[in-house]
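Chain by chain, the residues run as shown.
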Amino acid sequence: MIRFEPRGPVPVSRVLSVLVAAAVAALLLAAIPMAFAGLSVFGAYGLMVKGAFGSMFAFTEMLTRATPLILTGLAAAVAFRAKLWNIGAEGQLYAGALAAVAVGTGAFGGPSLFLIPLVILAGALAGGLVMLGPTLLKTRLGVDEVVTTLLLNFIILLFVQMMLEGPMKDPMGMGWPQSEPILDEAALPKLMARMRIHWGLIIALVASLGVYFMLKRTVWGFEIRAVGENAAAARHSGIPVTATFVRVGLISGALAGLAGVGEVAGLKGYLTADLSPGFGYSGIVVAMLAGLSPVGVIIAALFIASIFVGADSMSRATGVSNYLADLMVAMSLLCVLVAGLFLRFKIRLVGAPAAKETAK
């Protein structure tokens, strides 16, 4: 019989080495379908590396793809730290993008000098409010937040589609379901000329450092970690568990909403129903790869972004579907989950000594 026994505290160095080993294992496993597709494994990975890092344009494209992944990864990491299972970052991203467009197109007026801060604030507030509902349902009625946040993704996307076909439809869009473009005064500035990389990356990096400081150096962070370890014990010790959950939900939703702000105000300039190729769901993978570490989220997001951008480049060069990137990301998550199991538990074979004595 196999028995799992909890381990003691695990050194950070071992955690990092296991996460790196899991990422390497995922790349090795992805080599199997590559070989069956008739590709040279080393050649395919070489094309992927070149596609993500081979030029300044490729590198900035990778950073652009990593920007929303950092924010949605942070959204998942903060919520999961408190064992608030936010699966709705995709919907919160769209809510943030919708609010950013509503403000950024000048629909509510206001001085143009403050449009960028207002767009950022509106997107963060919209994402936070979307997450507030499932959080209150969990704390007040015990409703499973996995179900509510997941279903809200589809509800919000349908609402966005309704708005793009109705009140927010661009009259100059040639009939396409898209919003009016945001004003130049509301657009996030570019970081480099003739490149798509924008100030959303700076916002994501600052948010990551801010979340790290909050979790490690503040009372709020201590309460979040305590509730995540044991909510009943935290309540018994006087920690306001309900208020902590609400706070975590607002922060998590706001971070996902900022990802939507970056996509419309920094990259695309207007809102469409296909704004996100699944950044909200990929953010969960990023958070798990990072071990829920806010700083680790940056590294994990860069890893996932390089896979997606590199796989797109490799696909164009070889004719193999870029869905291989989704396979590699899924394998990365599975490898990290298995690695996490071995980090948390020791495996014991129960009854083996007794069997040996019987044999003697």
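Every chain is numbered independently, its residues counted from 1 as its sequence is written. The model is predicted, so local features are restricted to residues of pLDDT at least 70 and side-chain atom pairs to those at 80 or more, both for listing and for counting; the totals for chains, interfaces and linings are taken over all residues. Hydrogens are left out, water is left out, and the side-chain values use all remaining heavy atoms of the structure.

Novice: In this structure, what is going on with the overall build of the protein chain? I would like to understand it.
Specialist: Under the DSSP-based scheme used, a helix requires at least four consecutive residues in state H or I and a strand at least two consecutive residues in state E, with every element numbered from the N terminus. Along the protein chain, the regular secondary structure elements total 14 helices and two strands. Atoms counted for the radius of gyration: C-alpha only. Globule rule: 2.2 Å times the number of residues to the power 0.38. Expected size for 360 residues packed as a compact globule is a radius of gyration near 21 Å; at 22 Å, the protein chain falls within 12% of this value. Principal-axis analysis of the C-alpha atoms gives the protein chain an extent of 85 × 60 × 35 Å. Residues classed as buried in the protein chain amount to 47% of the 360 residues present. By definition in these notes, contact holds between two residues if any of their heavy atoms fall within 4.5 Å. Restricting to contacts in the protein chain with at least 6 residues of sequence separation, those with at least 24 account for 75%. Here the Shrake-Rupley method, with its probe set to 1.4 Å, supplies the accessible areas, and only the displayed protein chains count as covering residues. Counting every atom, the protein chain has about 17800 Å² of accessible surface; 70% of that belongs to carbon and sulfur. Positive: Lys, Arg. Negative: Asp, Glu. His and the chain ends are not part of the count. All charge positions are set by atom: Lys at NZ, Arg at CZ, Asp at CG, Glu at CD. Computing the positive centroid from 25 side-chain charges and the negative centroid from 17, the protein chain places the two 14 Å apart. A simple rule labels every residue: compare its accessible area, found with a 1.4 Å probe on the protein chains alone, to the largest value its type can have, and call it buried under 20%, exposed over 50%, or partly exposed in between.

Novice: What's the story with the environment of M162 in this structure? I'm lost.
Specialist: Take M162: it is sitting in helix α6 (residues 145-165). Looking at M162, the relative accessible area reads 49%, which means it is partly exposed.

Novice: Explain empty space enclosed by the protein here, please?
Specialist: Over the atoms, a rolling probe the size of a water molecule traces out where space has been left empty. A pocket here means an open set of points on a 1 Å grid, computed over the protein atoms alone, that has protein on both sides within 12 Å along at least five of seven lines. A cavity is instead a set of points where a 1.4 Å probe fits but cannot get out; residues with an atom within 4 Å of a point line either one. Grid points are joined across faces, edges and corners, and a volume is the space filled by probe spheres set on the points. Taken as a whole and assessed by the stated rule, the structure comprises two cavities of 30 Å³ or more. Considering only enclosed or pocket space, the largest cavity measures out at about 40 Å³ in volume. As for the largest cavity, its lining consists of T67, L71, L188, G200, I203, L258, V261 and G262. Only α3 (56-81), α7 (200-217) and α10 (241-268) provide two or more residues apiece to the lining of the largest cavity. With three residues, the top contributor of residues to the lining of the largest cavity is α10. Of the residues belonging to the lining of the largest cavity, the class tally is five nonpolar, three polar and no charged. The space that makes up the second largest cavity amounts to roughly 30 Å³. Looking at the second largest cavity, the residues that line it are G88, G91, Q92, V130, T149, L152, N153 and I156. Mapped by element, the contributors of at least two residues to the lining of the second largest cavity are α4 (89-104) and α6. Class assignment for the residues of the lining of the second largest cavity results in three nonpolar, five polar and no charged. Throughout, the ten residues Ala, Val, Leu, Ile, Met, Phe, Trp, Tyr, Cys and Pro are labelled nonpolar, Asp, Glu, Lys and Arg are labelled charged, and all others, Gly among them, are labelled polar.

Novice: Looking at this structure, how should I read the nonpolar core?
Specialist: For soluble globular proteins, the rule of thumb is that nonpolar side chains tend to be buried together. Ranked by internal contacts, the top residues of the largest apolar core, which has 107 residues, are M48, I70, L255, L271, I304 and M328. Broken down by element, the residue count for this core peaks at 13 residues, all from α3. Excluding its chain neighbours within four sequence positions, the residues that come into contact with M328 are A26, L27, A30, M34, Y45, M48 and I307. Note on terminology: a nonpolar core comprises buried Ala, Val, Leu, Ile, Met, Phe, Trp, Tyr and Cys residues joined through side-chain atoms within 4.5 Å.

Novice: Even after reading the chapter, I still don't get the layout of surface pockets, so can you show me in this structure?
Specialist: In this model, the largest pocket occupies a volume close to 1700 Å³. Along the walls of the largest pocket sit 40 residues, with V15, R81, A290, G291 and L292 positioned nearest its centre. Of all the elements in the fold, those that place two or more residues in the lining of the largest pocket are α1 (12-36), α3, α7, α8 (219-229), α11 (279-289), α12 (294-318) and α13 (324-344). Residue composition of the lining of the largest pocket, by class: 27 nonpolar, six polar and seven charged. Counted as a void, the second largest pocket has a volume near 410 Å³. Lining the second largest pocket are 20 residues, with E61, R65, R196, V309 and D312 positioned closest to its centre. At the level of elements, α3, α10 and α12 are the ones that each hand at least two residues to the lining of the second largest pocket. Of the residues contributing to the lining of the second largest pocket, the split by class is eight nonpolar, four polar and eight charged.

Novice: Which parts of the structure should I look at to understand the packing of aromatic side chains?
Specialist: Where two aromatic rings form a pair, the distance of their centres and the angle of their planes describe that pair. Aromatic pairs are defined between Phe, Tyr and Trp rings, using the six-membered ring for Trp, whenever the two ring centres lie within 6.5 Å; interplanar angles under 30 degrees are classed as stacked, those over 60 as edge-to-face, and all others as tilted. Following the criterion strictly, the structure yields two aromatic pairs and no others. Ring plane angle 40° and centroid distance 6.3 Å describe the contact between F53 and F59, whose orientation is recorded as tilted. What makes F53 partly exposed here is its relative accessible area of 45%. A residue is classified by how much of its surface remains accessible, and F59, at 33% relative accessible area, is partly exposed. Relative to W85, the ring of F80 has its centre 5.1 Å away and its plane inclined at 55°; by these criteria the two rings are tilted. Note on F80: relative accessible area 6%, which makes it buried. Residue W85 is classed as partly exposed on the basis of its relative accessible area, which comes to 34%. For K138, the ring lying beneath its charged end belongs to F245, and the centroid distance is 5.3 Å. Here, over-ring charges are defined by two tests on the NZ atom of lysine or the CZ atom of arginine: distance to the ring centre within 6 Å, and angle to the ring normal within 35 degrees.

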